Amino acid sequence: MPILNRAAELQHEVTEWRRHLHANPEILYEVDETAAFVAEKLREFGVDEIVTGIGRTGVVGVIRGQGAGRAIGLRADMDALPIQEIGGKAWASKTPGKMHACGHDGHTAMLLGAAKHLAETRNFRGSVVVVFQPAEEGGAGALAMVQDGLMERFGIEEVYGMHNMPGMSVGTFAIRKGGIMAAPDKFTVTVKGRGGHAAEPHHTIDPIAVGAQIVGNLQLIASRNANPLRSVVVSVTRFHAGTTHNIIPEEAVLGGTVRSLDETVRDLAENRIREVAKGVAAAHGADVTVEYERACPVTVNHPDETQHAARAAIDVAGPQNVDTEVDPSMAGEDFAFMLQARPGAYIMIGNGKTAGLHHPAYDFNDEAIAYGVSYWVRLAEQRLTE
């Protein structure tokens, strides 16, 4: 079936919500106004139970169907990014240095649209639990909600997420079983040498030279240490040292990110970073410390739930517009924590030819709204009528 008639009817209203959210971005857990907006809309819709403050500032709504049954969770993220917006649209961010550069405004609006429709029709048994999460962008808001008893308190048995994807045509979806988003870890290597005059390097231990060799050797982790069939990215993204042209400094600090789709490869990368840094430093008489921070785990779609999500997407967009074997992304997603707590799946929805995610000119494509609302409704009704 195509998009729902009711979703098309809601297009203008949901677009207004989306643009309001875009103009008023909030970051991390500081999403008080956004959460209040969401809770007020859920009250207007007649949602049966509305709970705020889950995972600090998350909002949960429960829509009960026609009779007893299971509960499934549908999740949207609410937070923005610390980026200065460019582009000059009428609904551009009103807050300097903050913008919805990842489309969470669209995610929230689409789930609100689905909640309104589901509260009107209740064409299912059991409960639909709509989950509005803070702090996806580096704050582990999904973990905070899970630790706050999200799954147990609301009896969630399956959980589903959705994210827009620039470059994918509007009206298309993409999903895969297994790892779909990477574990996004980060590391910092501090090299301590012995400073001195740049004209007398033989009296120093140059931390810049040592750091440069560490950078080069870290590139061998992906090309020579990891199994070529198991993806890993090791990127050095910063290198800070020195103050002027004629001084060899005491210290150099470099850092970056590791992206992996497999826990074994993740362990390998961390161990090799430590071994490489220590080995190179020791060879030159320098000292080194390595800090390695694991963020969210790999986002792993469960097999059965991936099929359920794909079927709902196919009902909305047609089989020719749903890629069920999409290549995984090396970006990270804290929905992984929810997928560790309950079986579920994470799907991509096309955002068209827009600027990329986290770009200052990005904007969510409102033409995708009816597809997203329809997907959520079809998924909920399918899972709770079988």
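Fair warning: this is a prediction, and the values are worked out from it, not measured in the lab.

Asks: Is there a simple way to think about the overall build of the protein in this case?
Replies: Each helix and strand in the protein was counted, giving 12 helices and 16 strands. Here the C-alpha atoms of the protein give a radius of gyration of 24 Å, agreeing with the 21 Å that 2.2 N^0.38 yields for 386 residues. The C-alpha extent of the protein, read off along each of the three principal axes, is 80 × 45 × 40 Å. The buried share among the 386 residues of the protein stands at 54%. Restricting the contact set of the protein to residue pairs at least 6 apart, pairs at least 24 apart contribute 82%. With the model as given, the accessible surface of the protein reaches about 15,900 Å², and the carbon-plus-sulfur share is 50%. Of note, the protein has its 35 positive side-chain charges centred 2 Å away from the centre of its 48 negative side-chain charges.

Asks: Even after reading the chapter, I still don't get the side chain of Thr34, so can you show me in this structure?
Replies: As for its position among the elements, Thr34 is in helix H3 (residues 32-45). The residues touching Thr34, leaving out its near neighbours within four places in the chain, are Leu21, Asn24, Glu26 and Met78.

Asks: In this structure, what is going on with the pairing of strand E7 (residues 178-192)? I would like to understand it.
Replies: Across a regular strand the side chains alternate sides, sitting on one face of the sheet and then on the other. Counting buried positions along E7 gives 11 out of 15 residues, so the element sits mostly inside the fold. Note that E7 and strand E13 (residues 299-301) share 3 bridges and pair antiparallel. By the bridge assignment, Gly178 is partnered in E13 with Asn301. Where E7 and strand E15 (residues 329-332) come together, 2 bridges link them in parallel fashion. Bridge pairing links Ala182 to Gly332 in E15. Pairing of E7 with strand E11 (residues 251-260) involves 10 bridges; the strand directions are antiparallel. Residue pairing for E11: Val191 is matched across the bridge by Ala252.

Asks: Before we go on, may I ask you to explain unusual backbone geometry in this structure?
Replies: Negative phi values dominate among residues other than glycine, just as trans dominates among peptide bonds. Even without being glycine, Arg122 reaches a positive phi, approximately 50°. With respect to the helices and strands, Arg122 occurs in the loop between helix H4 (104-121) and strand E4 (127-133). With relative accessibility at 17%, the residue Arg122 sits in the buried group. With phi around 55°, Ala140 is a residue other than glycine that occupies positive phi space. By secondary structure assignment, the location of Ala140 is in the loop between E4 and helix H5 (141-147). Judged by its relative accessible area of 25%, Ala140 falls in the partly exposed class.

Asks: How do you make sense of the UniProt feature "domain: Peptidase M20 dimerisation" (unreviewed entry) in the protein when you look at a structure like this?
Replies: The UniProt entry lists residues 187-280 under the feature "domain: Peptidase M20 dimerisation" (unreviewed entry), expressed in the numbering used here. Helix and strand shares over residues 187-280 are 38% and 32% respectively, and the end C-alpha atoms of the span are 17 Å apart.

Asks: Help me out: how do you make sense of the pairing of E11 in this one?
Replies: The buried count for E11 comes to 8 of 10 residues, which makes it a mostly enclosed element. One ladder, built from 9 bridges, connects strand E9 (residues 232-241) with E11; its direction is antiparallel. Counted as the bridge partner of Val232 is Ser260 from E11.

Asks: Can you help me understand the sheet that holds strand E2 (residues 58-64) in this one?
Replies: A sheet is described by the order of its strands in space; here 8 strands give the open sequence E1-E2-E4-E3-E5-E16-E6-E14, paired in mixed fashion. Across the chains shown, the open sheet's two edge strands, defined by having one partner strand only, are strand E1 (49-54) and strand E14 (322-323). Alignment of E2 against E4, held across 6 bridges, turns out to be antiparallel. The partner of Gly61 across the bridge, within E4, is Val130. Against the sheet, H4 touches E2, strand E3 (71-77), E4, strand E5 (156-165) and strand E16 (344-350), its axis set at about 145° to E3. Across the sheet, helix H12 (residues 369-383) touches E3, E4, E5, strand E6 (173-174) and E16, and the angle it forms with E5 is around 160°.

Cut-offs and rules
Residues numbered from 1 in each chain as written. Predicted model: local features only at pLDDT ≥ 70, side-chain atom pairs only at ≥ 80, totals over all residues. Heavy atoms only, no water. Helix = DSSP H or I, 4+ residues; strand = E, 2+ residues; numbered from the N terminus. Rg over C-alpha atoms; globule rule 2.2 N^0.38 Å. Buried < 20%, exposed > 50% of the residue type's maximum accessible area, 1.4 Å probe, protein only. Contact = heavy atoms within 4.5 Å. Areas by Shrake-Rupley, 256 points an atom, 1.4 Å probe, with all protein chains shown as cover. Lys, Arg positive; Asp, Glu negative; His and termini not counted. Charge placed at Lys NZ, Arg CZ, Asp CG, Glu CD. Pairing = 2+ DSSP bridges. UniProt positions renumbered as here; feature names shortened; annotations may be inferred. Axes fitted to C-alpha atoms, helices over the stretch in contact; angles between N-to-C directions.

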